[in-house]
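Next come the chains, spelled out residue by residue.
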Amino acid sequence: MQDFLTMVLGGPMIYKGKDMKKAHEHMAIEKKHFDRVIYHVIEAMKKNKVEEGIMKTIVEMLNSLQGDIITRPWW
């Protein structure tokens, strides 16, 4: 995840893993699971005093991936 986030945010790392859809297709991920990961990412950023603007950018970027990561509808 570190390489992926670094690359997406314009850093020098190059993510060489699977695309998000392929990486998560075999998992039964619901929106509640996705939201819980976002919660933990936010809490980790707060604990490490990440600037609010950067936090917002990261959360927006992660939220944009929901369609590829959530593999199981809630119903």
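The model shown is predicted, which means the values in this text are computed figures rather than measured ones.

Between its terminal C-alpha atoms helix α3 (residues 31–47) stretches 24 Å, which fits the 24 Å expected from 17 residues at 1.5 Å a residue. If you check which residues of α3 are buried, you get Phe34, Ile38, Val41 and Met45. Within α3, the buried residues cover an arc of 60° as seen down the axis, which keeps them to one side. Away from its buried face by more than 90 degrees, α3 exposes Lys32 and Lys47. Tucked inside the fold, the buried residues of α3 contact α4 (52–63) and α5 (66–69). Just past α3, the residue lysine 49 takes up positive phi, approximately 55°.

Rules used throughout
- Residues numbered from 1 in each chain as written.
- Predicted model: local features only at pLDDT ≥ 70, side-chain atom pairs only at ≥ 80, totals over all residues.
- Heavy atoms only, no water.
- Helix = DSSP H or I, 4+ residues; strand = E, 2+ residues; numbered from the N terminus.
- Expected span 1.5 Å × (residues − 1).
- Buried < 20%, exposed > 50% of the residue type's maximum accessible area, 1.4 Å probe, protein only.
- Arc of directions from axis to C-beta.
- Contact = heavy atoms within 4.5 Å.

All quantities given are derived from atomic positions and should not be read as evidence of function.
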